[in-house]
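Take a look at the letters that make up each chain.
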Amino acid sequence: GENVEQHPSTLSVQEGDSAVIKCTYSDSASNYFPWYKQELGKGPQLIIDIRSNVGEKKDQRIAVTLNKTAKHFSLHITETQPEDSAVYFCAASGNQFYFGTGTSLTVIP
Amino acid sequence: EAGVVQSPRYKIIEKKQPVAFWCNPISGHNTLYWYLQNLGQGPELLIRYENEEAVDDSQLPKDRFSAERLKGVDSTLKIQPAELGDSAVYLCASSSSGDTGELFFGEGSRLTVL
């Protein structure tokens, strides 16, 4: 099956700085790559996604890039704010969702 | 529009006791998932339903776990008997487009087995 690895496991940044989270996947059949944000005591919520026919997608301060050849994709958050503090999960899906182990992001005011 | 509703939010039981979790998906979502989330880990699929049919239950420990989705709407996940290692958050999610679209998660049911 698919194997999704996510790094780093924890990330602390100053407010206003950028944050980058990276994921790799193993199954070339995966074609959908969402990113989820999970706040304490809540379920994960989709923040951005990308499909295999696209290399980059941006939504305001959030962007995702995909390199199909290298089988890796990244989440970029610019101008971070304290409310961005949460756990972020990447996922890869072909016929089933496989999630990374999560990155705990702390934005220091 | 109401989101995915799960209950109970928290449950504490002693080992060997039974426990059940209930999920009401978003109206019109045919695909329903139960995920297990251990502390510090990502969600792991337990079972996936398309309407009332379980189309992927390969990772459901069938000796103690069972699930049903009668009438293709609400779903119940049961553990009997519970073990210490079952302590985790059980997440329900629904989707209108299977494994190629957005998953909508409930807030989860946190189980503690003593």
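Because the structure is predicted, anything quoted here is derived from the model rather than measured.

### Looking at the environment of Glu39 of chain A
All names here are of chain A.
Okay, step 1: Position of Glu39 among the secondary structure elements: in the loop between β4 (32–38) and β5 (45–51).
Okay, step 2: According to the relative accessible area criterion, Glu39 is partly exposed, its value standing at 38%.
Okay, step 3: As for Glu39 and Phe73, which are separated by 34 residues in sequence, their C-alpha atoms are 22 Å apart.
Okay, step 4: Those residues in contact with Glu39 that lie beyond four places of it in its chain are Glu83 and Ala86.

### Quick look at the packing of aromatic side chains
Okay, step 1: In the structure shown here, the tally under the stated rule is 15 aromatic pairs over all chains.
Okay, step 2: Between Phe97 of chain A and Phe99 of chain A, the aromatic rings sit 6.4 Å apart at their centres with planes inclined by 25°, giving stacked as the arrangement.
Okay, step 3: Between Tyr35 of chain B and Phe105 of chain B, the ring centres sit 5.8 Å apart and the planes meet at 50°, which makes this aromatic pair tilted. One end of the pair, Tyr35 of chain B, is in strand β4 (residues 31–37); the other, Phe105 of chain B, is in strand β10 (residues 104–105), with 70 residues separating them in the sequence.

### Comments concerning the sheet that holds strand β3 (residues 19–24) of chain B
All names here are of chain B.
Okay, step 1: Strand order across the open sheet formed by four strands is β1-β3-β8-β7, with antiparallel pairing between neighbours. The strands lining the two open edges of the sheet, one partner per strand, are β1 (5–7) and β7 (65–68). Across the sheet, the mean angle from the axis of one strand to that of its neighbour is 15°, orientation sign disregarded.
Okay, step 2: With four bridges connecting them, β7 and strand β8 (residues 75–79) associate as antiparallel partners. Counterpart to Phe65 in the pairing with β8 is Ile79.

### What about the state of the cysteines?
Okay, step 1: As enumerated under the stated definition, the model contains two disulfides over all chains in all.
Okay, step 2: Residue pairing for Cys23 of chain A: its cysteine sulfur links by disulfide to Cys90 of chain A, the two sulfurs lying 1.9 Å apart. Disulfide Cys23 of chain A to Cys90 of chain A: torsion about the S-S bond roughly -100°, handedness left-handed. Of this pair, Cys23 of chain A sits in strand β3 (residues 19–24) while Cys90 of chain A sits in strand β9 (residues 86–93); the two residues are 67 residues apart in sequence, bridging distant segments of the chain.
Okay, step 3: Exposure remark for Cys23 of chain A: the relative accessible area of 1% places this residue in the buried category.
Okay, step 4: Paired through a disulfide, Cys23 of chain B and Cys92 of chain B show a sulfur-sulfur distance of 1.9 Å. Here the disulfide of Cys23 of chain B and Cys92 of chain B is left-handed, its torsion about the S-S bond being about -70°. Linking Cys23 of chain B in strand β3 with Cys92 of chain B in strand β9 (residues 88–95), this pair joins segments that are 69 residues apart in sequence.
Okay, step 5: Look at Cys23 of chain B and you get buried, because its relative accessible area is 0%.

Thresholds applied
Residues numbered from 1 in each chain as written. Chains lettered and ligands numbered in written order. Predicted model: local features only at pLDDT ≥ 70, side-chain atom pairs only at ≥ 80, totals over all residues. Heavy atoms only, no water. Helix = DSSP H or I, 4+ residues; strand = E, 2+ residues; numbered from the N terminus. Buried < 20%, exposed > 50% of the residue type's maximum accessible area, 1.4 Å probe, protein only. Contact = heavy atoms within 4.5 Å. Phe/Tyr/Trp six-rings, centres within 6.5 Å; stacked < 30°, edge-to-face > 60°. Pairing = 2+ DSSP bridges. Axes fitted to C-alpha atoms, helices over the stretch in contact; angles between N-to-C directions. Disulfide = S-S within 2.5 Å.

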